[in-house]
Amino acid sequence: MRQQRSADYAEFASARAGHLYRSACLLTAGDTHLAEDLVQETFGRLYVRWGRVSRAENPAAYAQTVLTRTFLAHRRLRSSRERATDTFPDLPGAGDGDAPLRLTLMAALARLPAKDRAVVVLRYWEDRSVEQTADVLNVSSAAVRTRCVRALGRLRELLGEDLHEFSRP
């Protein structure tokens, strides 16, 4: 029984790791090292509760919720010794043709407050509804809509109207 549980968890973790990592990279605005830490912490929390998680209606959504809450908790608990920087570490996929667009978007995401960034990632990367996003963040649907409007407005302000210049021809 225990071996089957471990095998089921390992299968789930290997299937979801890439997606959770990409989401974590967006949440952390390109900090790949922090993204790896968040994913590792998420998988640790999932393993402890795997009996309950595996019986959930949608374990993948549960994992995404744990990742988002882990990110928000990290933002609240961050040590005062840590300093934000405007330089990016090596980004995954930096060798492809969308590097300028990717860097521009990551820089704009980095300038959003953590909760606004989480709303943008959940709503537009994860394609979650307002209600699902509100549930993950433990806020009202109205708060999600407000944060969406504010975050998208800020992104438009940061990115300007000429974003097409960064995309491939």
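Thresholds, definitions, all that
- Residues numbered from 1 in each chain as written.
- Predicted model: local features only at pLDDT ≥ 70, side-chain atom pairs only at ≥ 80, totals over all residues.
- Heavy atoms only, no water.
- UniProt positions renumbered as here; feature names shortened; annotations may be inferred.
- Axes fitted to C-alpha atoms, helices over the stretch in contact; angles between N-to-C directions.
- Helix = DSSP H or I, 4+ residues; strand = E, 2+ residues; numbered from the N terminus.
- Parallel < 35°, antiparallel > 145°, perpendicular 65-115°, else oblique.
- Left-handed = near helix turned anticlockwise from the far one by under 90°.
- Contact = heavy atoms within 4.5 Å.
- Nonpolar A, V, L, I, M, F, W, Y, C, P; charged D, E, K, R; others polar.
- pLDDT = per-residue confidence, 0-100.
- Phe/Tyr/Trp six-rings, centres within 6.5 Å; stacked < 30°, edge-to-face > 60°.
- Buried < 20%, exposed > 50% of the residue type's maximum accessible area, 1.4 Å probe, protein only.
- Lys NZ or Arg CZ within 6 Å of the ring centre and 35° of its normal.

As annotated in an unreviewed UniProt entry, the protein chain carries the name RNA polymerase sigma-70 factor (Sigma-E family) and comes from Streptomyces thermodiastaticus. The annotation that UniProt attaches to the protein chain under Sequence similarities (unreviewed entry) is "Belongs to the sigma-70 factor family. ECF subfamily."

Novice: Can you help me understand the packing of helix 1 (residues 2-27) against helix 2 (residues 32-48) in this one?
Specialist: Geometry of a packed helix pair, given as the angle between the helix axes and the separation of the axes. Between helix 1 and helix 2, the shortest axis-to-axis distance is 10 Å and the interhelical angle comes to 150 degrees. Accordingly, the angle class assigned to the pair helix 1 and helix 2 is roughly antiparallel. Every pair of crossing elements has a handedness; the one defined by helix 1 and helix 2 is right-handed. In this structure, helix 1 contributes Arg-5, Ser-6, Tyr-9, Phe-12, Ala-13, Arg-16, Ala-17, Leu-20, Tyr-21, Ala-24 and Cys-25 to the contact, and helix 2 contributes Thr-32, Ala-35, Glu-36, Val-39, Thr-42, Phe-43, Gly-44, Leu-46, Tyr-47 and Val-48. Its residues assigned to classes, the contact of helix 1 with helix 2 shows 14 nonpolar, 4 polar and 3 charged.

Novice: Help me understand the confidence of the model for the protein chain, please; the structure alone is not making it clear to me.
Specialist: One rule of thumb: low pLDDT means the predicted coordinates there are not for detailed reading. In the predicted model, the protein chain carries a mean pLDDT of 82, and 81% of its residues have values of at least 70. For the protein chain, the element scoring lowest by mean pLDDT is helix 5 (residues 99-110), at 81; helix 2 scores highest, at 92.

Novice: Quick question: what am I supposed to make of the packing of helix 7 (residues 130-137) against helix 8 (residues 141-159) here?
Specialist: For the pair helix 7 and helix 8, the least separation of the axes is 8 Å and the interaxial angle reads 100 degrees. For the element pair helix 7 / helix 8, the angle class is roughly perpendicular. When helix 7 is examined against helix 8, the residues Val-130, Glu-131, Thr-133 and Ala-134 are found in contact with a partner set consisting of Ser-141, Val-144 and Arg-145. Taken together, the residues of the contact of helix 7 with helix 8 sort by class into 3 nonpolar, 2 polar and 2 charged.

Novice: I tried to follow the packing of aromatic side chains on my own but got confused; where do I start?
Specialist: The description of an aromatic ring pair rests on the distance of the ring centres and on the angle between the ring planes. This structure, assessed with the given rule, holds 4 aromatic pairs. Measuring from ring centre to ring centre gives 6.5 Å for Tyr-9 and Phe-43, while their planes differ by 90 degrees; the resulting arrangement is edge-to-face. With Tyr-9 in helix 1 and Phe-43 in helix 2, this residue pair connects regions lying 34 residues apart in the sequence. Each member of the pair, Tyr-9 together with Phe-43, is buried. Their ring planes at 80 degrees and their centres at 5.5 Å tell us that Tyr-9 and Trp-50 sit as a pair that is edge-to-face. With a gap of 41 residues between them, Tyr-9 in helix 1 and Trp-50 in helix 3 (residues 50-54) connect regions that are remote in the sequence. Accessibility expressed as a relative area gives 12% for Tyr-9, which makes it buried. Taking relative accessible area as the criterion, Trp-50 reaches 5% and is therefore assigned buried. Three or more aromatic residues joined by ring pairs form one cluster here, namely Tyr-9, Phe-12, Phe-43, Tyr-47 and Trp-50. The ring of Tyr-47 carries the charged tip of Arg-5 above its face, separated from the ring centre by 5.6 Å. For the cation-ring pair, Arg-123 lies above Tyr-124, with the distance from its terminal atom to the ring centre recorded as 5.5 Å.

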